[in-house]
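Spelled out, the chains give:
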Amino acid sequence: MSAARKVNRIVVHCSAGPAGQRGKDIAAWHTRPASRGGLGWSAPGYHYVVEADGTVVRILPEDRIANGAKGYNRDSIHVCYTGGIDSRGNPSDTRTAAQKGSLLRLISEIRSRRGNLKVVGHRDLSPDLDGDGVIIPWERIKACPCFDAIPEYGGG
């Protein structure tokens, strides 16, 4: 695939795991064969993972297609922060101040290279079941990224 892959959006995700997860471990789990406890995907789900301390780990080059959101991978860049669940395993915006800053810088940097891309959360790609043009909470397939990415990042 060439570096000129047409990208229309940035999709923000949470890892739905502990904030202390490491980007490289998430990528390994995504691509490890299912017979060895992984998901068995041909590519990881994200291009970038933002760890709890704000470190941005590039998991996959942007010219490659990630497996972040079925039906939306070919024209998306996928960005994930570690965390997204509280101590009881419930969806929660657990982003640290460092993660918030790094996510904002990363999204701004991608947009500076790729144009003013639309930014959505993974949950915003759920089907619009009532056909009103808005994905409301009861229509969401998942809570990811556990905050409303569209107003936070300007939507594009």
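Just so you know, these numbers come straight off a predicted model, no measurement behind them.

Caption draft 1: Quick look at the pattern of salt bridges. For the structure on display, the rule yields eight salt bridges. For Arg9, the salt bridge goes to Asp75, with nearest N and O atoms at 2.6 Å. Here Arg9, found in strand E1 (residues 9–14), pairs with Asp75, found in the loop between strand E3 (56–58) and strand E4 (76–81); they are 66 residues apart in sequence, far enough to count as distant. Look at Arg9 and you get buried, because its relative accessible area is 14%. Connected through shared salt-bridge partners, Glu62, Glu109, Arg113 and Arg114 make up one network.

Caption draft 2: Structural view of the environment of Leu39. As for its placement among the helices and strands, Leu39 is situated in the loop between helix H1 (23–31) and strand E2 (48–50). The sequence separation of Leu39 and Trp29 amounts to ten residues, and the corresponding C-alpha distance is 6.3 Å. Discounting chain neighbours no more than four positions away, the residues touching Leu39 are Trp29, His30 and Arg32.

Caption draft 3: Inspection of helix H2 (residues 97–114) at higher detail. The terminal C-alpha atoms of H2, which comprises 18 residues, lie 26 Å apart, in line with the 26 Å expected from a rise of 1.5 Å per residue. Listing the buried residues of H2 in full gives Gln99, Ser102, Leu103, Leu106, Ile107, Ile110 and Arg111. Down the axis of H2, the smallest arc covering the buried residues is 165°, so these residues share one side. Exposed positions of H2 whose direction lies more than 90 degrees from the buried face are Ala97, Arg105 and Ser112.

Caption draft 4: The arrangement of the sheet that holds E4 in detail. Strand order in the open sheet formed by five strands is E3-E2-E4-E1-E5, and the pairing between neighbours is mixed. Both edges of this open sheet fall to E3 and strand E5 (118–121), since each of them pairs with a single strand only. Averaged over all adjacent pairs, the angle separating strand axes in this sheet is 25°, with direction ignored. Here four bridges tie E1 to E5, and the two strands are oriented parallel to one another. From the neighbouring strand, Val11 faces E5, where its bridge partner is Val120.

Caption draft 5: Region of interest: the packing of aromatic side chains. Inspection of the entire model under this criterion finds two aromatic pairs. Centroid distance Tyr81 to Phe147: 6.1 Å. Interplanar angle 50°. Geometry classified as tilted. Taken together, the residues Tyr81 in strand E4 and Phe147 in the loop between E5 and helix H3 (149–153) connect sequence positions 66 residues apart. Each residue in the set Tyr81, Phe147 and Tyr153 is aromatic and connected to the rest through ring pairs, giving one cluster. Directly above the ring of Phe147 sits Arg95, whose terminal nitrogen or CZ lies 3.5 Å from the centroid.

Caption draft 6: Examining the nonpolar core more closely. By size, the foremost hydrophobic cluster in this structure holds 20 residues, and its most contacted members are Ile10, Val12, Val79, Tyr81, Ile110 and Tyr153. Going through the elements one at a time, E1, E2, E4, H2 and H3 are the ones with two or more residues in this core. Element by element, the count of residues in this core is highest for H2, at four residues. Residues contacting Val12, with those up to four places away along its chain left out, are Val79, Ile107, Val119, Val120, Gly121, His122, Cys144, Pro145, Phe147, Ala149 and Tyr153. Ranked by size, the runner-up nonpolar core spans six residues in total, among them Ile26, Ala27, Tyr46 and Ile59.

Thresholds applied
Residues numbered from 1 in each chain as written. Predicted model: local features only at pLDDT ≥ 70, side-chain atom pairs only at ≥ 80, totals over all residues. Heavy atoms only, no water. Salt bridge = Lys/Arg side-chain N within 4 Å of Asp/Glu carboxyl O. Helix = DSSP H or I, 4+ residues; strand = E, 2+ residues; numbered from the N terminus. Buried < 20%, exposed > 50% of the residue type's maximum accessible area, 1.4 Å probe, protein only. Contact = heavy atoms within 4.5 Å. Expected span 1.5 Å × (residues − 1). Arc of directions from axis to C-beta. Pairing = 2+ DSSP bridges. Axes fitted to C-alpha atoms, helices over the stretch in contact; angles between N-to-C directions. Phe/Tyr/Trp six-rings, centres within 6.5 Å; stacked < 30°, edge-to-face > 60°. Lys NZ or Arg CZ within 6 Å of the ring centre and 35° of its normal. Core = buried A, V, L, I, M, F, W, Y, C linked by side-chain atoms within 4.5 Å.

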